[in-house]
Amino acid sequence: VLVVQLRPSPAPSQDGATVYATGRGEQKQLTLADGSSVMLGPESRLEVMLLPVERTFRLRAREAIFTVTHNAARPFRVYAGAGWIEDIGTAFDVRSDADTVTVTVIQGEVMVGASRGGSSAQRLSRNEQISYGDTLGAVRAVDAALATSWRNGQLAYIDRPLDQVVADLRRYTMKDIVMQDRSVGALRYTGTISVGAIDQWATGLARVYPVRIQIQGDRLVLAAKPAGR
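These numbers come from a predicted model, not from an experiment. (Residues numbered from 1 in each chain as written. Predicted model: local features only at pLDDT ≥ 70, side-chain atom pairs only at ≥ 80, totals over all residues. Heavy atoms only, no water.)

## A short note on the overall build of the protein
A count of helices and strands for the protein gives four helices and 19 strands. Expressed as a percentage of its 229 residues, the buried residues of the protein come to 43%. Here the analysis covers contacts within the protein between residues at least 6 apart in sequence; of these, 49% occur between residues at least 24 apart. Surface accessibility of the protein: about 11100 Å² in total, with carbon and sulfur atoms responsible for 48%. (Helix = DSSP H or I, 4+ residues; strand = E, 2+ residues; numbered from the N terminus. Buried < 20%, exposed > 50% of the residue type's maximum accessible area, 1.4 Å probe, protein only. Contact = heavy atoms within 4.5 Å. Areas by Shrake-Rupley, 256 points an atom, 1.4 Å probe, with all protein chains shown as cover.)

Take a look at the structure:
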């Protein structure tokens with residue numbers, strides 16, 4: 001069972017925590033002393049405190065997948081945004097954006113409660129996802145393998161603005177990706193992108209969308225296609 005609950009009080013102090021961070025285009029696999037593991041996505045920051053009575057994590061930025069070794073005597077708790085996620089023997093992904101945290105269950109079950117709104121707790125299981133800011137959103141069904149395919153160099157999107165897609169791509173590659181026109185950024189994109197084949201993705205994009213692509217070494221420019229062309 002995994003418990004996600006929003007709380008108005010601050011997260012515990014992380015003084016003395018071990019800090020793990022990744023840079024642009026970098027992923028990091030952590031194997032913890034308790035047998036649990038964490039996969040950090042690009043530009044992520046995680047603070048870890050493994051104490052005799054508890055295991056506490058604070059995801060300060062971006063995304064991580066936690067695969068947990070159960071120990072009832074040492075609760076495993078992840079803090080992200082305004083909420084916390086408490087695990088009992090499962091695997092889950094946490095993505096922390098500017099205003100929203102999204103939790104995706106890969107294995108096991110989840111019980112979610114919110115500190116605001118008066119809604120009763122909800123149970124989530126494998127292939128379900130929930131997002132929260134100050135309050136919890138609705139539970140939705142997802143393909144967890146697809147939602148967490150970033151760890152294998154594949155980024156999947158469903159009806160996302162192209163400017164958000166490009167912002168994500170910049171985290172996963174050292175390529176300089178430039179969006180020249182707002183109209184291009186507003187286009188809605190659905191599909192999967194291989195991080196190792198971004199130029200090929202951009203070329204295919206130009207065949208379907210009103211987008212003109214310029215590839216200049218490590219620089220990729222996306223611009224609006226002139227009218228009538």
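## Considerations on the sheet that holds strand 19 (residues 219–224)
Spatial ordering of the open sheet is given by 16-19-18, a layout of three strands whose pairing is mixed. The sheet is open, and its two edges are formed by strand 16 (176–179) and strand 18 (211–216), each paired on a single side. Within the sheet, the average angular offset between the axes of one strand and its neighbour, ignoring direction, is 15°. Here four bridges tie strand 16 to strand 19, and the two strands are oriented parallel to one another. The partner of Met-179 across the bridge, within strand 19, is Leu-222. Here helix 2 (residues 162–172) sits on the sheet in contact with strand 16 and strand 19, set at roughly 165° to strand 16. Against the sheet, helix 4 (residues 198–208) engages strand 16, strand 18 and strand 19, with an angle of about 155° to strand 18. (Pairing = 2+ DSSP bridges. Axes fitted to C-alpha atoms, helices over the stretch in contact; angles between N-to-C directions.)

## Considerations on the environment of Thr-135
By the element assignment, Thr-135 lies in the loop between strand 13 (128–132) and strand 14 (140–141). The exposure class of Thr-135 is partly exposed, given its relative accessible area of 37%.

## Remarks on the side chain of Glu-86
Along the chain, Glu-86 turns up in strand 8 (residues 83–87). With a relative accessible area of 19%, Glu-86 lands in the buried category. A polar contact of 2.4 Å, which involves the side chain of Glu-86, links it to the side chain of Arg-77. (Polar contact = N/O pair within 3.5 Å; in protein donor to acceptor, adjacent residues only side chain to side chain.)

## Description of the confidence of the model for the protein
A residue-level look at the protein finds 89% of positions with pLDDT of 70 or above and a mean pLDDT of 87. Within the protein, the element-level pLDDT minimum falls on strand 1 (residues 2–6), averaging 59, and the maximum on strand 17 (residues 188–194), averaging 96. (pLDDT = per-residue confidence, 0-100.)

## Re the side chain of Thr-173
Following the sequence through the fold, Thr-173 ends up in the loop between helix 2 and strand 16. Look past the residues within four positions of Thr-173 in its chain and what remains in contact with it is Arg-24, Gly-25 and Ile-198.

## Quick word on the pairing of strand 17
The side chains of a regular strand alternate between both faces of the sheet. Here strand 17 shows one buried face, formed by Tyr-189, Gly-191 and Ile-193, and one open face, formed by Arg-188, Thr-190, Thr-192 and Ser-194. Sheet topology places strand 15 (residues 154–161) next to strand 17; six bridges connect them, and they run antiparallel. Residue Arg-160 lies in a different strand from strand 17, and its bridge partner there is Tyr-189.

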